[in-house]
Amino acid sequence: MSDHRILLLGPPGAGKGTQSTRLAETYDLDHITTGDALRANKEMETEYGTPGEYMDAGELVPDPVVNEIVVAALSNADDGFVLDGYPRNLDQAEYLSEQTDLDHVVFLDVPEDELVERLTGRRVDPETGDNYHVEFDVPDDPEIEERLVQREDDQEDTVRERLRVYRENTEPVVEHYREAGGLVEVSGEGTPDEVFERIRDVVEE
Ligand code: AP5
């Protein structure tokens with residue numbers, strides 16, 4: 001097992017997806033992202049309803065559904081992983097601690113008004129799943145720009161609800177790792193390259 005078992009924490013829009021993708025490429029890690037896994041299974045029937053019903057409202061998908069995704073992904077991640085979007089509440093954090101140890105816990109810190117701007121301006125390429133931004137990250141290719149779509153949960157009302165859910169459920173998780181020691185706080189402001197350099201310093205320390 002490599003020593004790159006990385007947990008990236010942060011509010012919606014902090015850049016977890018952007019930075020996890022880079023970490024996974026740079027260090028050849030599995031990118032475990034509950035958000036993407038759930039989006040790929042939005043219409044899947046479970047005893048709690050479909051994941052999409054929760055996601056489009058900005059609410060958390062029930063723990064058993066999410067835990068199952070994570071445990072399956074971890075069992076295939078022998079050469080290290082970067083975990084993005086999980087755990088999002090204290091029960092998930094406890095479940096995770098029963099499944100694996102972590103080498104690095106990084107918290108991406110971004111002020112709330114910037115989060116709203118990033119999320120409401122995000123656009124996704126439906127063909128590749130790549131994220132762009134109407135202002136900060138416009139694709140060079142006009143053909144790509146034309147086909148970009150907005151995520152259902154990136155409407156401003158839903159963004160505000162996601163931030164509320166984050167404060168209520170996920171901030172205690174950040175506090176939990178801070179108290180346990182080992183949580184490193186990194187500023188998520190600046191360009192994606194600048195933020196990546198900060199995270200790389202932590203991982204390579
Ligand atoms: P998920 O997909 O995980 O969404 P999220 O945590 O809200 O995070 P985002 O993907 O919105 O943001 P991000 O931090 O990855 O930022 P990104 O890099 O994209 O979850 C969606 C839903 O799934 C949840 O609401 C819930 O319903 C469900 N779910 C998922 N996990 C769950 C769990 N564990 N338990 C229960 N339910 C769960 O960047 C955002 C934008 O900013 C982009 O446009 C990007 O281009 C731009 N950007 C990035 N970095 C910068 C920068 N440095 N400067 C300027 N712009 C930047």
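It should be emphasised that the depicted structure is a prediction, and the values quoted were computed from it without experimental measurement.

A.B. asks: What's the story with the site of the ligand in this structure? I'm lost.
C.D. replies: What surrounds the ligand is a group of 35 residues, the closest being Thr18, Glu59, Arg88, Arg122 and Arg162. Between the ligand and Gln92, the relevant distance is 2.9 Å, taken from a nitrogen atom to a side-chain nitrogen or oxygen of the residue. Residue Arg162 places a side-chain N or O atom 2.6 Å away from an oxygen atom belonging to the ligand. Burial of the ligand by the surrounding chains reaches 96%, relative to a free accessible area of 1000 Å². For the shell around the ligand, the secondary-structure elements that each account for two or more residues are α1 (16–27), α2 (34–39), α6 (112–120) and β6 (131–133). Here the shell around the ligand gets four residues from one element, more than from any other, and that element is α2.

A.B. asks: How should helix α9 (residues 192–204) be read in this particular structure?
C.D. replies: Since there are 3.6 residues in each turn of an α-helix, residues three or four apart along the chain are aligned in direction. Under the 1.5 Å per step criterion, the end-to-end length of α9 is 18 Å for 13 residues, consistent within 8% with the ideal 18 Å. Looking at α9, one finds that the buried residues are Val195, Phe196, Ile199, Val202 and Val203. End-on view of α9: buried residues confined to an arc of 115 degrees, all on one side of the axis. Those residues of α9 that are exposed and angled more than 90 degrees off the buried face are Asp201 and Glu204. For α9, the elements touching its buried residues are β1 (5–9), α1, β4 (104–109) and β7 (183–187).

A.B. asks: Looking at this model, I keep getting lost on the UniProt feature "binding site: ATP" (unreviewed entry) in the chain. Mind explaining?
C.D. replies: Summarizing the sequence annotation, UniProt attributes the feature "binding site: ATP" (unreviewed entry) to Gly13, Ala14, Gly15, Lys16, Gly17, Thr18, Arg122 and Gly190 in the numbering used throughout. Taking the relative accessible area as the measure of exposure, Gly13 reaches 17% and is therefore buried. Ignoring anything within four residues of it in the chain, the contact list for Gly13 reads Leu115, Arg118 and Leu119. Structurally, Thr18 can be placed in helix α1.

A.B. asks: Got a minute to help me understand the pattern of salt bridges in this structure?
C.D. replies: Where side chains of opposite charge bring their charged atoms close, a pairing between them can arise. According to the stated counting rule, one finds 18 salt bridges in the structure shown. Two residues, Arg122 and Asp154, come together in a salt bridge whose shortest N-O distance is 2.8 Å. Taken together, the residues Arg122 in strand β5 (residues 122–124) and Asp154 in the loop between α7 (142–147) and α8 (156–180) connect sequence positions 32 residues apart. For Arg122, a relative accessible area of 13% puts it in the buried group. Residue classification places Asp154 among the buried residues on the basis of a relative accessible area of 0%.

Thresholds, definitions, all that
- Residues numbered from 1 in each chain as written.
- Predicted model: local features only at pLDDT ≥ 70, side-chain atom pairs only at ≥ 80, totals over all residues.
- Heavy atoms only, no water.
- Near = heavy atom within 4 Å.
- Polar contact = N/O pair within 3.5 Å; in protein donor to acceptor, adjacent residues only side chain to side chain.
- Areas by Shrake-Rupley, 256 points an atom, 1.4 Å probe, with all protein chains shown as cover.
- Helix = DSSP H or I, 4+ residues; strand = E, 2+ residues; numbered from the N terminus.
- Expected span 1.5 Å × (residues − 1).
- Buried < 20%, exposed > 50% of the residue type's maximum accessible area, 1.4 Å probe, protein only.
- Arc of directions from axis to C-beta.
- Contact = heavy atoms within 4.5 Å.
- UniProt positions renumbered as here; feature names shortened; annotations may be inferred.
- Salt bridge = Lys/Arg side-chain N within 4 Å of Asp/Glu carboxyl O.

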